[in-house]
Amino acid sequence: MRIDHIHIRNFRKLKNCRIDFNKDQTIFVGANNSGKTSAMSAIIWFLKDQNRFTTREFTLTNWRDINELANSWLAVNDEMENREELLASLLSPEQWDNHVPSLDLWINVDEREAYMVYKLIPSLEWKKDLVGVRLRFEPKDIKKLYADFRTASLKVKEIKESPQYKDANNVDLFPQNMWDFLNRRGNLNKYFEIKYYVLDSQNIDYENPDCNVQATPSISLENNPLVSLIKIDSIEAFREFSDPEGRNDNDIDTLSRQLQSYYKSNFEDETQIDLDDLKLLGEMKRATETYDEKLDRSFKAPIAELNNINYPGFQNPEIHVKSHVNIVDSITHESSVQFTVQGDAELSLPEKYNGLGLRNLISIYLKMVQFREQWTNLDRIDKAGINHIEPLQLVIIDAPEAHLHAQAQQVFIRKAMDALTNDSTNEILRNNKDLTTQLVVSTHSNHIVNEVDMCHLRYFKRIIDDNIKIPVSEVVNLSRTFGDDNDTKRFVTRYIRLTHCDIFFADAIILVEGAAERILMPKFIRDENMDNFYISVIEINGSHAHRFDSLTQKLGIPTLIITDIDAQEGRLEKGELKWKSAIPQKNKKQITNNDTIKHWLKIESIDMLLELPFPNKQRGNICISYQTPISVNWTDQKKEDELYEVHPYTFEDSLVFTNIKLFQSDEKMAKMGVITTFYNYLKKAISLEDFHEKMFSCLEKRKNVKASFATDILCTEQFDKIQAPSYIKEGLIWLQKCLNNKIRK
């Protein structure tokens, strides 16, 4: 038994989205404010803690519809002939289906487990695969809600019609509408509750499963059918793991307190004694007697002084101080947990002196172990009146990286499932292989993402809803991104892991051709006042950038690809046509050798590429930008300051031509490595074409100069004056418009 997927509606930004669960661990990723935490809250609140619902959990625009529905109640008066029929329609639970938060939970059930889910079997035609239940947060008793809201509203109407109301400067009265009525005085939880409905897997719309959901059945279940099926454990945003500096250990979740909780949950019952415990109990008794003798001596004097106030008096009990030694008490003090120095066990420090990252890693690991042991604790089962262990444990952890440094984050995600499913010391898990644990983690850490397979990732995409015109979330199952293209999947997955790129948390993506562009791109982004956005700059070889096509389209993030035009010219050598790199020129029948350009634009001709309008370089959320003609102010030997059009071949010559006056006039540039070479070319060139040829030859023959060129630029005093080439600036302006307009396609 395992959760197959959930479908959340009308909960904050989660207007209508499906989330597929992996068989073991599922990782929620996405940019800030994309809905990850909302999804975690929805799961926890619906399945575990419904008392936390407030009016703010409803998708904001839904209150307009709810208020209109409530106003239609007030419009019904006693004089209407069809009053009862109209009220029956308005007070139907169906009126709330598209307005209140709900969560559909679909569980994959094996045929031999069918007896456990008999309450959720919809009909005799059930296919013995998925069972579903809808949890809907709705009015407990609509007629009572109607009656109380109507009474309160009529009272407001009566007061507003009084002369005293006008003298009071038209103050706001309660309630102004249904939202106001439910938002105050704890009314929401007074009038609303979660109700449970059986769903039928045969009614799933498989053609459009991400959006369409089946209608809510007319009859709800009497009780929560999930109590005996799923054990829910959660760690929410790690708020309990805080900096211990200067704080009392009682205020923080120290490892000592974790161990106390673990012991109390599993071993504290001192009435159950095994033979192995007898020796320990004997030692504890001797320790108690010795300690009692010391306590008698220590407290003899102060207790005797109590006689001076006649206490204890006649027939009053006498005072004796007795000790009680147990395991839990022995680990409550500050130094109960010690970290010893490797190589010398006599040297140790209390846990608060150890690194916070390690301490929190140990704490969360221990908490997961505790979840496992509590789930399989037979004493808990008996006390809860349940006749079996829940077949499924769902563990939810929100933002574990909040107090874990990078290395600890990686260890956490590697070991999480081991901690939750380790059966080496747990006889219940070892003997019951049908028990299932699923882990859901919400994160904003690329360190965690890089440790898991992409099939575990669920990407939360921010979009604008076409109907309600507000930002909502859409969830992308990244296991479906590449289809059957295993080569591309393998390449992209490995590349993301090796480069630790933060593509899943960015507002925008820029794919660049080489090291020089990557080094200087942050400056160009800042120059366009775009550094307030979270932009992921990824260096990728031009022959492989197209492999990111499926992923960037799935993510829907505005993506700018900055690449080189890579012109080639056909030349006859010994009667055979061979293509050689060349400076781009019009009317020379040149073609591009750039796979990225050919993949996205389906164009090879350099003539066509040089004439291509910028809007034609865009496709959905992706735009490709390559070198375009530059007008250069060049001083010829025979003419003065005349504009010439040049066609750059790569990023480096584009940058030089864009900033040519700076390279010509500043002698300090002559002392900066590769820049010196270009500076000397400028001084000695007899024409613009001559200079371009020399620079092109240098870049082609010395491939290693490109990164050196960029780092030399960083060192120049004129760094702030360097301007981005026009093709890069053009692409950044497009990207900025996408971000400002919040375009998500």
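Conventions and cut-offs
- Every chain is numbered on its own, with residues counted from 1 as its sequence reads.
- Local features in this predicted model are restricted to residues of pLDDT 70 or higher, and side-chain atom pairs are both shown and tallied only at a pLDDT of 80 or more, whereas totals for entire chains, interfaces and linings draw on every residue.
- Hydrogens are left out, water is left out, and the side-chain values use all remaining heavy atoms of the structure.
- Secondary structure elements are defined from DSSP: runs of H or I of at least 4 residues count as helices, runs of E of at least 2 residues count as strands, and each element is numbered from the N terminus.
- The rule is simple: take the accessible area with a 1.4 Å probe, protein chains only, and divide by the maximum for that residue type; under 20% is buried, over 50% is exposed, in between is partly exposed.
- One requirement defines pairing of two strands: DSSP has to find at least two bridges between them.
- Whether two residues touch is decided by their heavy atoms; if any such pair falls within 4.5 Å, the residues are in contact.
- Angles here are taken between N-to-C directions and fall from 0 to 180 degrees, while the axes themselves are lines fitted to C-alpha atoms, restricted in helices to the stretch in contact.
- Stacked, tilted and edge-to-face are the three classes assigned to paired rings of Phe, Tyr and Trp, where Trp is represented by its six-membered ring and a pair needs centres within 6.5 Å; plane angles under 30 degrees give stacked, over 60 edge-to-face, the rest tilted.
- For the purposes of this section, nonpolar cores are sets of buried Ala, Val, Leu, Ile, Met, Phe, Trp, Tyr and Cys residues that join through side-chain atoms within 4.5 Å.

**A look at the environment of asparagine 360**
Stage number 1. Summarising the element assignment, asparagine 360 is placed in helix H10 (residues 356-375).
Stage number 2. Classification of asparagine 360 by relative accessible area gives buried; the value is 3%.
Stage number 3. For asparagine 360 and histidine 403, which are 43 residues apart along the polypeptide, the C-alpha to C-alpha distance reads 7.0 Å.

**Concerning the sheet that holds strand S15 (residues 535-539)**
Stage number 1. Spatial ordering of the open sheet is given by S15-S14-S16-S21-S20, a layout of 5 strands whose pairing is mixed. Each end of this open sheet is capped by a strand with a single partner; those strands are S15 and strand S20 (618-619).
Stage number 2. Bridging between S20 and strand S21 (residues 622-625) involves 2 bridges; their strand directions are antiparallel. Within the sheet, the bridge partner assigned to glutamine 618 lies in S21 and is cysteine 623.
Stage number 3. Together, strand S14 (508-512), S15 and strand S16 (559-562) form the strand contacts of helix H16 (residues 515-527), whose direction differs from that of S15 by roughly 160°.

**Focus on unusual backbone geometry**
Stage number 1. A cis amide bond, omega 0°, links phenylalanine 174 with the succeeding residue proline 175.
Stage number 2. As for its placement among the helices and strands, proline 175 is situated in the loop between helix H5 (163-167) and helix H6 (178-183).
Stage number 3. Not every positive phi belongs to a glycine, and alanine 399 is a case in point at roughly 50°.
Stage number 4. Here alanine 399 is to be found in the loop between strand S10 (392-398) and helix H12 (406-421).
Stage number 5. Positive phi values are uncommon outside glycine, yet lysine 469 reaches one of about 60°.
Stage number 6. Here lysine 469 shows up in the loop between strand S12 (457-464) and strand S13 (471-477).
Stage number 7. Classification of lysine 469 by relative accessible area gives exposed; the value is 59%.

**Observations concerning the packing of aromatic side chains**
Each pair of aromatic rings is reported with the distance of its centres and the angle of its planes.
Stage number 1. Inspection of the entire model under this criterion finds 24 aromatic pairs.
Stage number 2. Centre to centre, the rings of phenylalanine 657 and phenylalanine 691 are 5.8 Å apart; their planes meet at 90°, and the pair counts as edge-to-face. Of this pair, phenylalanine 657 sits in helix H20 (residues 651-658) while phenylalanine 691 sits in helix H23 (residues 688-701), and the two are 34 residues apart along the sequence.
Stage number 3. According to the relative accessible area criterion, phenylalanine 657 is buried, its value standing at 2%.
Stage number 4. We classify phenylalanine 691 as buried; its relative accessible area is 0%.
Stage number 5. One aromatic cluster is present, built from ring pairs that chain together Phe11, Trp45, Phe46, Phe53, Phe58, Trp63, Trp73, Trp96, Phe137, Tyr146 and Phe192.

**Quick look at the nonpolar core**
Stage number 1. Ranked by size, the top nonpolar core spans 68 residues in total, and within it Trp73, Leu105, Phe192, Leu226 and Leu394 carry the most contacts.
Stage number 2. Considering every element that reaches this core, the biggest residue donor is helix H1 (residues 36-47), with 8 residues.
Stage number 3. Grouped together as the second largest cluster of nonpolar side chains are 59 residues, Ala416, Leu439, Val452 and Ile622 included.

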